[in-house]
Amino acid sequence: MITAPKVSICIPTYNQVQHVAEAVASALKQDCEDIEVVVSENHCTDGTREYLESILDPRLRVVRPPEHLPVAKNFNFCASQARGRYLSFLSSDDVLEPAFASKLSTLLDMAPGAAFAYCASSLVDGNGRVIGLERHVGGSFHRNGRKELRRFIAGSRCVFDTMMIRRECYEKSGGLGIPRKGAYFRELPDWDLDLRLLMTGDVIYLDEVLVRFRFWSAPNREDNSRRLPRYIEEIGRLFDTTVAEIVKEEPDLARYARKARKSMAVNCALGVGQLKGLPPYEESVRNVMRIDDSPLVRLTLLLHRCGMSPLVDAARTLEHWMRHRVKGMLYQH
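Residues numbered from 1 in each chain as written. Predicted model: local features only at pLDDT ≥ 70, side-chain atom pairs only at ≥ 80, totals over all residues. Heavy atoms only, no water.

**Quick look at a positive patch on the surface**
Note the threshold: Residues qualify for a patch when their relative accessible area is over 30% and they have no salt bridge, like charges being joined within 9 Å and the nonpolar side chains of Val, Leu, Ile, Met, Phe, Trp and Tyr within 5 Å. All accessible areas in this document rest on Shrake-Rupley with a 1.4 Å probe, and a residue is counted as covered only by the protein chains that are shown. By convention in these notes, a salt bridge is any Lys or Arg side-chain nitrogen within 4 Å of a carboxyl oxygen on Asp or Glu. A positive count includes Lys and Arg, and a negative count includes Asp and Glu. His and the chain ends are not counted in either. By convention, the charge on Lys lies at NZ, on Arg at CZ, on Asp at CG and on Glu at CD. Runs of H or I in DSSP of at least four residues are treated as helices and runs of E of at least two as strands, each being numbered from the N terminus.
Residues Lys147, Arg150, Arg255, Arg258 and Lys259 make up a contiguous surface patch of positive charge. Every element with two or more residues in the positive patch is listed here: helix H5 (145-152) and helix H9 (254-271). It is H9 that contributes the most residues to the positive patch, three residues altogether. If you trace the backbone, Arg150 turns up in helix H5.

Below, the structure written as structure tokens:
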């Protein structure tokens, strides 16, 4: 009889041979002994499969879906092959610190009502250089999941790779890759999952940097013309489906959902100027208006039409820089 491990670290991968070795090594170097590392090799063509076959560690299991899967479905497939009581997902270009599994699993052991725990992370660029932090001001906490929905409805509040999820809550929530209005989320599957998990239990945050998350530089205009329109469309679909279902069950959250929807529409309106002159622009503008058509949204879209997108983008960039700068100053030691 094979005993199920306590923690399964799931690594779905596709054609990232230049990074996957570091990700797998960090998972196998955990100071928690009761783990397994499950890699879903999604029909790679770049040498990833050959690399994985060279590793002899018995804690590593390599699985392969019957066919190449979209990202979220590959994550879900990887989870379906895992046996652990707790699940963590590690993107194949990110890195775990050695204490990640032991510290987060201990927190979940101590709080059987918690659906998931997560921690702080450093943000690194394509070369592994630290460029920022994703960390909460105020320190560690354990909070009621349904009350935390007020915060998470306004945006995903944790880096997906920093999460450790109780398997029964993952399965109860439906997992990743649930079709909504006949389509899968490609840009927002983790935010969608966060919301559904919070309906199943509490959440714990550990204020320690135990993950290095690779934050890629802004995509070129061609890449942006594909991803940004999807992101805008999915924002509206998320609020029309998952958030609407939550509000139906928890009516007190309605005003928080309305506020979050307005804020997201403004953010999308600010960003849509990057598509000006490209085929997806007009459809993306319509999708922004479907999210919310407040006067501020209309004004922002008008600025883009009047050729003032560079000014809007500069203000947005400054706001992002200031936020990360303030966080960095608060956490200087």
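Next, the rest of the story.
**Overview of the packing of H9 against helix H11 (residues 295-305)**
Threshold: Only the stretch in contact is used when fitting a helix axis, every axis being a line fitted to C-alpha atoms; angles between N-to-C directions are given from 0 to 180 degrees. Between 65 and 115 degrees an angle is taken as roughly perpendicular, under 35 as roughly parallel, over 145 as roughly antiparallel, and anywhere else as oblique. In what follows, residue pairs with any heavy atoms lying within 4.5 Å of each other are defined as contacts. When residues are sorted by character, Ala, Val, Leu, Ile, Met, Phe, Trp, Tyr, Cys and Pro go into the nonpolar class, Asp, Glu, Lys and Arg into the charged class, and all the rest, Gly among them, into the polar class.
Running from N to C, H9 and H11 point in directions that differ by 5°, and their axes come no closer than 9 Å. Judged by the angle between their axes, H9 and H11 are roughly parallel. Counted together, Ala265, Val266, Ala269 and Leu270 of H9 and Leu296, Val297, Thr300, Leu301 and His304 of H11 form the full contact between these two elements. Split into classes, the residues belonging to the contact of H9 with H11 amount to seven nonpolar, two polar and no charged.

**What to know about empty space enclosed by the protein**
Operational definition: Definitions used throughout: a 1 Å grid over protein atoms alone; a cavity as a set of points that fits a 1.4 Å probe which cannot get out; a pocket as an open set with protein on both sides within 12 Å along at least five of seven lines; a lining residue as one with an atom within 4 Å of a point. Grid points are joined across faces, edges and corners, and a volume is the space filled by probe spheres set on the points.
Summed over all chains, the structure comprises one cavity of 30 Å³ or more. Volume-wise, the largest cavity comes out at about 60 Å³. Looking at the largest cavity, the residues that line it are Tyr118, Cys119, Ala120, Ser121, Glu134, Arg135, His136, Arg157, Cys158, Val159, Thr162 and Tyr205. The biggest single contributor to the lining of the largest cavity is strand S6 (residues 114-124), with four residues. Class assignment for the residues of the lining of the largest cavity results in six nonpolar, three polar and three charged.

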